[in-house]
Amino acid sequence: MFDWDDLRIFVAAARAGSLGGAAQRLGVDAATVGRRVARLESALKSTLVVRSTTGLHLTAAGAQLLDIGLEAEGAMEAVARVTQPDTLAGVVRISASEGFGVTLMAPALAALRRASPGLRIELAANAGFLSPSRREVDMAITLAAPDAARLIVEPLTPYQLALYAAPDYVARHGAPDTVEALSDFDIVGYIDDLIYAPELRYLDEIRPGLTPHLASSSIRAQREIIAAGGGIGVLPCFMATGLRRVLPEILIERRFWLATHREVHDTARLRTVRTWLKALCAERRDRLRPFATPVA
């Protein structure tokens with residue numbers, strides 16, 4: 001037999017991708033996490049993780065055990081909810097797209113904290129997403145609806161994107177009057193082989209073959225490049241304060257989706273955060289969708 005607590009620590013290590021990350025989340029030291037994972041491997045007579053300079057990588061046996069461990073973790077949380085079904089306390093870790101997370105969510109978190117002091121919010125606002133199906137996070141705001149049986153997925157809010165440039169860039173170079181004329185201007189966009197979702201291929205949608213001269217995997221970095229006069233690029237409208245819209249006939253419509261793990265979906269803390277997110281999107285509707293959709 002193995003120690004059930006070792007399984008809990010293994011799940012934390014697999015989720016974090018490193019001993020240090022798991023140690024920080026569990027409140028122990030990395031050496032303890034390493035010993036407990038090694039003890040579990042000995043008990044099960046199987047190698048579960050491979051250590052490298054980039055972190056921990058699961059073996060086939062480790063990936064199978066992680067799925068079982070996630071189910072066990074969900075069952076234990078269900079047991080806790082039997083005795084404390086409506087406790088509004090605990091950690092909610094949220095994965096959100098970088099632009100939405102930093103521009104809209106982060107400034108509003110202080111008010112959420114004041115309204116619900118028992119909550120601890122961990123916001124992972126990155127280029128790319130962590131997965132609620134693997135319980136890397138409790139909740140994810142994604143660009144497309146995830147397809148996983150463990151998740152409950154619902155639409156969160158539509159939003160718009162358009163072409164923007166800095167006012168001084170337009171003053172120096174003028175503005176394109178046709179989509180074809182974009183080829184004569186400096187273009188800002190994503191690094192092609194680092195695009196993590198097809199919904200981000202805005203330039204191909206505007207004009208196939210349009211290639212950025214200045215590129216970044218970060219939408220915030222792209223915004224700063226555009227604001228500094230680096231060229232014309234696609235931005236979510238809620239990130240474009242102080243910039244000038246060009247080619248107003250170009251308007252891209254997208255939607256954010258909200259995914260939560262089925263095991264924690266109905267907990268008080270997740271219900272509170274979902275309600276807060278929906279209210280935040282309703283309050284910011286004019287920033288998310290500031291323009292009338294052109295008639296086709």
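Anything mentioned here points back to the structure above.
Residues numbered from 1 in each chain as written. Predicted model: local features only at pLDDT ≥ 70, side-chain atom pairs only at ≥ 80, totals over all residues. Heavy atoms only, no water.

**Considering helix H1 (residues 4-16)**
Since one α-helical turn is 3.6 residues long, residues separated by three or four positions face the same way. Its 13 residues place the ends of H1 19 Å apart at the C-alpha level, agreeing with the 18 Å of an ideal helix rising 1.5 Å per residue. Along H1, the residues classified as buried are Asp-6, Leu-7, Ile-9, Phe-10, Val-11, Ala-12, Ala-13, Ala-14 and Arg-15. Capping the start of H1 is the job of one residue whose side-chain oxygen sits 2.8 Å from the backbone nitrogen of Asp-5: Asp-3. Immediately beyond the C-terminal end of H1, within one or two residues, lies Gly-17, with a positive phi of roughly 80°. (Helix = DSSP H or I, 4+ residues; strand = E, 2+ residues; numbered from the N terminus. Expected span 1.5 Å × (residues − 1). Buried < 20%, exposed > 50% of the residue type's maximum accessible area, 1.4 Å probe, protein only. Polar contact = N/O pair within 3.5 Å; in protein donor to acceptor, adjacent residues only side chain to side chain.)

**A short note on the packing of helix H2 (residues 19-26) against helix H3 (residues 30-44)**
Remark: H2 packs on H3, axes separated minimally by 8 Å, with the N-to-C direction vectors making an angle of 105°. On the basis of their axis angle, the class for H2 and H3 is roughly perpendicular. In this structure, H2 contributes Leu-19, Gly-20, Ala-22, Ala-23 and Leu-26 to the contact, and H3 contributes Ala-30, Val-33 and Gly-34. Grouping the amino acids of the contact of H2 with H3 by side-chain chemistry returns six nonpolar, two polar and no charged. (Axes fitted to C-alpha atoms, helices over the stretch in contact; angles between N-to-C directions. Parallel < 35°, antiparallel > 145°, perpendicular 65-115°, else oblique. Contact = heavy atoms within 4.5 Å. Nonpolar A, V, L, I, M, F, W, Y, C, P; charged D, E, K, R; others polar.)

**A short note on the pattern of salt bridges**
One pass over the full model with this rule turns up 16 salt bridges. Across the pair Asp-5 and Arg-36 runs a salt bridge, and its minimum N-O distance is 2.8 Å. You can see Asp-5 sitting in helix H1 and its partner Arg-36 sitting in helix H3, a full 31 residues away along the chain. Judged by relative accessible area, which is 28%, Asp-5 ranks as partly exposed. Given a relative accessible area of 18%, Arg-36 falls into the buried group. A salt bridge links Asp-192 to Arg-201, with the nearest nitrogen and oxygen atoms 2.8 Å apart. Members of the salt-bridge network, linked through shared partners, are Asp-3, Asp-5, Asp-6, Arg-8, Arg-36 and Arg-39. (Salt bridge = Lys/Arg side-chain N within 4 Å of Asp/Glu carboxyl O.)

Taken by themselves, the reported measurements are silent on function.
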